[in-house]
Amino acid sequence: MAVVEGEVEPLHRALGLTDGEYGDIVDILGRTPNHLELALFGVMWSEHCSYKSSRIHLRRLPTEGPGVLVGPGENAGVIDAGDGIAVAIRIESHNHPSAIEPHQGAATGVGGILRDIFTMGGRPLALMDPLSFGPLDDPRQRWLLEGVVSGISSYGNAVGVPTVGGELTFDPCYEQNPLVNVLCMGALPVERLVLGAASGPGNLVVLLGSSTGRDGIGGVSVLASAGFDGAEGTDVDRSKRPSVQVGDPYEEKRLIEACLELLDARLVVGIQDLGGAGLACATSETAARGRVGMEVDLSAVPRREVGMQPWELMTSESQERMLAIVTPGDWPAVAAVCERWEVRASVIGRVTEPDVEDGRPVARLRIREHPGGPVLADVPAGALADEGPRYDRPMARPADFERRLGEGPERLDPPADCGADLLALLLDPSWVYRQYDHQLFLNTVEGPGGDAALLRLAGPGLPPSRRGVAITTDGNPRWCAVDPRAGTAMLVAEAVANLACVGATAAAIVNCCNFGNPEHPVVMWQLSEAIDGMAEACRGLGLPVIGGNVSLYNESGGADILPTPVIGALGLVETLAHRPPGMAWEEGSTILLVGPVGPHPSPALGGSRWAVECRGERAGRLPALDLEAHRRVVGFVAGLVAAEVGCGAGLVGAVHDVSGGGLGVALAEMAIAGHTGARVGGIESHLELFAETPSRFVVATGRPDELAAWAREAGLEATVLGTAGGAELVVDGLVGLSVDRLAGRWLDALPGALGEPG
Amino acid sequence: MAERTGVVVFPGTNCEHDVAQALALVGAEPVLLWHGEATVRGVDAVVLPGGFAHGDYLRPGAIARFSPVMEAVAAFAASGGPVVGICNGFQVLTEAGLLPGALQKNRALRFMCRPVDLVVASDRSPLTAGVPVGTRLRIPVNNFDGSYVCEDRVLDELRAEERVVLRYVENPNGSVDDIAGICNAQRNVVGLMPHPERASDELIGSADGLVLLRALLSARVA
């Protein structure tokens, strides 16, 4: 390998490639790459596209299950939901663009994930947006939050896909590096399922949608695969703003309709979205998957700027574009569909026979300025798409890990006033979700604000079904900072518990791994531990992981964010005919705590909201999670609620799982939802009030004896906590607050922090 | 009976399937009408559904009024045919001059998606015929530009002629006179910001919108 060291940074380094990677490229090509070829490798071998730091760890996740039609590695995971309907799901991050330009960063995140779904033939039916920011007393955080929410709102609403939920997390670790994750769920008739592969030498390579500009060049390599240098309080890396793409939901809406019409009419043999790494990614991935060659004619690429260089055309991340493989015979029909939807369609290349090298076929990507012109780049497609570097980066457990586990918040003095701490933990996120259309398609039975979203499994072009589909996202930097392995396992447990609250049985999960700089050994340890925790929980609960996204380099000024894996879970309901009970209890209902049979160990409060947000204490140990017991409790509750949504059994009046903020927050949220107080006893101390011990549900019922008997039969415990009623929430010896006071604080928390009237 | 009901689809419209589904629930036969064709294909009533016609570029409805189908809709309205604009459809009707006034940004300068309580203010429209004045309905709004404004002279006319069809019980967006829906002087063209189709089943929160859609189904072609 010969790298000339000089005053000027070598080109490959400027493109984000290491000296070692450059050497590998020279070996693959058997010669020195030219500028265009190097640019292709630069984007395709970026952390964002190649998963080079995480891939060896991701292999440890279980990915198979009875209903899985498509697992990780494709544009989206797909499961068979029954009745001839397949459900596609995917989660992604758009953290770095959103840190720089929150409105466009978040908007294009929505656009990108939608394309991943309709690329598979699915009509996008629902979005969810887990968001993390620094505390809102900092004006920059308010700017970020308002910008991100307006970006999701303006794009998602206009493109016509409802945003049915999400999460809002605040922690100082996100001040310079907010997290903007987005999950999309879509559905399709099973027979419309398509994969992003090219086939049939002689077929046309057609670019659909927007023209290609200079926006988003280097998005994956410059932005997403490096941290921010900016020190706290400065305007973070403003110079990277041109690397942020600009979205146009109207273009995307027409693109969705045109593509679904093309797929329904079976006019395409393969289709692939253009996202990160643009044409470089779409051409090399479709060619590599189909094991065919591809010739690209750059002169045919519609462009919105003059003087664009070949490397710019190939790596631009201009939004709202798709690549379709079409037979020459179908091309007139394809062009007609696109014309009707006012979607630009251009033939930019052809599928070719693979070359034969050393007796084996090699799919080569050849790029020319114009047909018959000189070859500008000639690389094996697989080398770009599949043969990126794999790193087993050094890992190190933090030296104080064991010590911190032993320094639990249980040792802290109890609060003088549990009620004041409880009030501080309440927050109504409706300021966010009221800006999102969460009802389009008339499927939203339980929308944002509940434990999980519950939708009818229906949509334009789908066969009729009485089934329901539930989705939820869960992230928790407090838990994962204490113990990334146990914390991530708890997230999976939390996600399936949320699904149970709307009567759904979990079918699959996807994950979005938001971590710091993988070149920091502690970060790699966090990532590896989180993946192990996820794998253990999924095995214990019998769940496949059908997709994921890894976002690394979430750091600024050398400081990494707390480990923030986000779990997206998909659940199914056999019959959805009635609304789920929700959190609102009624006057006179008996309040039960349903969970595993005791004896229960003394509660652990490490990583709890009370410890972190009320006391600033981040050390300690997480509560224990028994996966077998969890599976039993969750199955029991999902069954109870499924009977409510299926046939209106009338046994469960209200249900809510115990999670962030513990039993205290769960009871307060139920009181607020029902505008009804309660008198509750048997909660011994603030430890029991605020512990986030998993596998527990608060259930309100008018028939407590019956419910308790069912619980006993299932090998579970249903303890009577008290009775709903009155205008006050009283927890004997700990809390006495009027429901008005609770609701007032809950409603005002977010608008108040944003300086707005509630 | 307005059995065959046209549902106009502009590029960027996104509520056409929902409206068609809700119309089918009350027994109507929905017929999708493509914006590029200057015909309403002999339907008995026309609905302009919500969405973002032509991306809401310039301002909502500003481009959609020039779509060929709007000539046919205007002719249908002039002949007395019932026309209903929901949300973006209402915006298109004001831009096309088929209804007076305009829809401006909500008072809070933000998109708003939530259920609101409405009261029927006039039963003399194809959407409220047979629904007693004072009837309360819970139907969602979903818009950024939902605040109705008009000149004082127009407001006086709307009031004097009882052309305010629906009012908000609690004004969510700053609309003048709490207006949620109005009709034209001939009373056959109605625009409203709330989405009746989103209140078409108790399973999704409310079935109150069916009251309005049933009235439309019974509307007589004048």
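Along each chain, residues carry numbers from 1 onward, in the same order as the chain's sequence is written. Whichever chain is written first becomes A and whichever ligand is written first becomes 1, with later ones labelled in order. A pLDDT threshold of at least 70 governs which residues receive local features in this predicted model, and a stricter bar of 80 or more applies before side-chain atom pairs are shown or counted, although totals over entire chains, interfaces and linings include all residues.

## Quick word on the overall build of chain A
Helix and strand labels come from DSSP, where a helix needs a run of H or I of at least four residues and a strand needs a run of E of at least two; each type is numbered from the N terminus. Secondary structure summary: chain A contains 26 helices and 30 strands in total. Between the two quantities, the radius of gyration covers C-alpha atoms and the globule rule is 2.2 Å times the number of residues to the power 0.38. For 758 residues, the compact-globule formula gives about 27 Å, and the C-alpha radius of gyration of chain A, at 26 Å, lands near that figure. With the C-alpha coordinates of chain A rotated into their principal frame, the extents come out at 85 × 60 × 50 Å. Residues are called buried when their C-beta atom has 20 or more other C-beta atoms within 10 Å, exposed when it has 12 or fewer, and partly exposed otherwise; all C-beta atoms are positioned from the backbone. Going through the 758 residues of chain A one by one, you find that 61% of them count as buried. It is the C-beta atoms, placed from the backbone, that decide contacts: two residues are in contact if theirs lie within 7 Å. In chain A, of all internal contacts separated by at least 6 residues, the share reaching a separation of at least 24 is 83%.

## Focus: the overall build of chain B
A count of helical and extended segments in chain B gives five helices and eleven strands. Its C-alpha radius of gyration of 15 Å places chain B within 12% of the 17 Å reference for a compact globule of 222 residues. In terms of overall dimensions, chain B has C-alpha extents of about 40 × 35 × 35 Å along its principal axes. Split into buried and exposed, the 222 residues of chain B put 57% on the buried side.

## A short note on the pairing of strand S27 (residues 697-701) of chain A
All names here are of chain A. Where burial is concerned, most of S27 is hidden: five out of the five residues are buried. Every second residue of S27 is oriented toward a common face, with Phe697, Val699 and Thr701 on one face and Val698 and Ala700 on the other, all of them buried. When DSSP finds two or more bridges between two strands, those strands count as paired. By the bridge criterion, five bridges tie strand S24 (residues 590-596) to S27 in an arrangement that is antiparallel. Among the inter-strand pairings, Thr590 is bridged to a residue of S27, identified as Thr701.

## Examining the interface of chain B and chain A
Size of an interface: often given as the accessible area lost when the parts come together. Of the residues lining the interface, 23 residues belong to chain B; the matching set on chain A comes to 22 residues. Elements supplying a minimum of two residues to the side of chain B that touches chain A: helix H1 (16-25), strand S6 (112-120) and strand S7 (136-143) of chain B. Among the residues forming the side of chain B that touches chain A, the class breakdown is nine nonpolar, eight polar and six charged. In this classification, Asp, Glu, Lys and Arg are treated as charged, Ala, Val, Leu, Ile, Met, Phe, Trp, Tyr, Cys and Pro as nonpolar, and every other residue, Gly included, as polar.

## Here's the deal with helix H2 (residues 69-78) of chain B
All names here are of chain B. For H2, the set of buried residues is Val69, Met70, Val73, Phe76 and Ala77. Projected onto a plane normal to the axis of H2, the buried residues spread over an arc of 115° and lie on a single side. Here the buried face of H2 lies against strand S1 (4-9), strand S2 (29-34), strand S3 (45-48), strand S4 (83-86) and strand S11 (189-192). Two residues or fewer after H2 comes Gly80, characterised by a positive phi angle close to 95°. The arc under discussion is defined with respect to the helix axis, by the directions toward the C-beta atoms.

## Focus: the packing of helix H10 (residues 249-264) of chain A against helix H13 (residues 331-340) of chain A
All names here are of chain A. At a minimum axis distance of 9 Å, the contact between H10 and H13 shows a crossing angle of 150°. Here H13 runs roughly antiparallel to H10, going by the angle between their axes. As for how H10 packs across H13, the hand of that crossing is right-handed. Contacts between H10 and H13 involve Ala258, Glu261 and Leu262 on the former and, on the latter, Val334, Val337 and Cys338. Taken together, the residues of the contact of H10 with H13 break down into five nonpolar, no polar and one charged. To get an axis, fit a line to the C-alpha atoms, keeping to the stretch in contact for a helix; angles then go from 0 to 180 degrees between the N-to-C directions. In these notes the angle categories are as follows: under 35 degrees is roughly parallel, over 145 is roughly antiparallel, 65 to 115 is roughly perpendicular, and the rest is oblique. A crossing counts as left-handed when the near helix is turned anticlockwise from the far one by less than a right angle, and as right-handed when that turn is clockwise.

## Thoughts on the packing of helix H20 (residues 521-541) of chain A against helix H22 (residues 627-647) of chain A
All names here are of chain A. In the contact formed by H20 and H22, the axes pass within 9 Å of each other and the chain directions differ by 55°. Judged by the inter-axis angle, H20 sits oblique to H22. Remark: the crossing between H20 and H22 carries right-handed chirality. Contact with H20, carried on its side by Ala537, Gly540 and Leu541, involves Leu627, Glu628 and Arg631 of H22 and no other residues of that element. Each residue belonging to the contact of H20 with H22 can be placed in one class, and the counts come to three nonpolar, one polar and two charged.

## Quick word on unusual backbone geometry
Here Gly598 of chain A and Pro599 of chain A are connected by a cis peptide whose omega angle stands at 5°. By the element assignment, Pro599 of chain A lies in the loop between S24 and helix H21 (609-615). Its identity as a non-glycine residue notwithstanding, Asp177 of chain B has a phi of 55°, on the positive side. Tracing the backbone shows Asp177 of chain B in the loop between strand S9 (164-168) and strand S10 (179-183). A count of 16 C-beta atoms within 10 Å places Asp177 of chain B in the partly exposed class.

## Brief notes about the sheet that holds strand S15 (residues 375-380) of chain A
Residue and element names in this part refer to chain A. With respect to topology, seven strands assemble into an open sheet ordered S8-S10-S7-S11-S9-S14-S15, the strand pairing being mixed. Every other strand in the sheet has two partners, leaving strand S8 (270-273) and S15 as the edge strands with one partner each. Strand-to-strand twist across the sheet, computed as the mean angle between neighbouring axes with direction ignored, equals 20°. With four bridges joining them, strand S9 (residues 293-297) and strand S14 (residues 364-368) adopt parallel strand pairing. Across the sheet, Val296 pairs through a bridge with Ile367, a residue of S14. Its contacts with the sheet put helix H3 (residues 35-44) on S14 and S15, and the angle it makes with S15 is roughly 40°. Where helix H11 (residues 278-290) meets the sheet, it contacts S8, S9, strand S10 (321-326) and S14, and its direction lies at approximately 145° from that of S8.

## A closer look at the sheet that holds S1 of chain B
Residues and elements named next belong to chain B. As summarised here, the arrangement of the nine strands in space is S2-S1-S3-S4-S11-S10-S9-S6-S7, forming an open sheet in which the pairing is mixed. Of all the strands in the sheet, the pair left with one neighbour each is S2 and S7. Within the sheet, the average angular offset between the axes of one strand and its neighbour, ignoring direction, is 25°. Sitting on the sheet, H2 touches S1, S2, S3, S4 and S11, and the angle it makes with S4 is about 130°.

## Concerning helix H19 (residues 484-501) of chain A
Given 3.6 residues to a turn, an α-helix orients residues that are three or four positions apart in the same direction. All names here are of chain A. Compared with the 26 Å implied by 1.5 Å per residue over 18 residues, the 26 Å span of H19 between its first and last C-alpha is a close match. In terms of burial, H19 is largely enclosed, as 18 of its 18 residues are buried. Looking at the residues trailing H19, positive phi occurs at Gly503, about 85°. Helices are assigned an expected span. That span is 1.5 Å times one less than the residue count.

## Quick notes on the pairing of strand S6 (residues 179-189) of chain A
Residues and elements named next belong to chain A. Burial of S6 is extensive: ten of the eleven residues sit out of reach of the surface. Relative to S6, strand S3 (residues 85-93) runs antiparallel, the two sharing nine bridges. Among the inter-strand pairings, Ile85 is bridged to a residue of S6, identified as Pro189. Pairing analysis gives seven bridges linking strand S4 (residues 123-133) to S6, with the strands arranged antiparallel.

## Remarks on the confidence of the model for chain B
For every residue, the pLDDT score states the predictor's confidence, bounded by 0 at the bottom and 100 at the top. Counting all residues, the mean pLDDT for chain B is 96, and 98% of those residues have values of 70 or more. Of the two predicted TM-score estimates for the complex, the pTM is 0.96 and the ipTM is 0.96.

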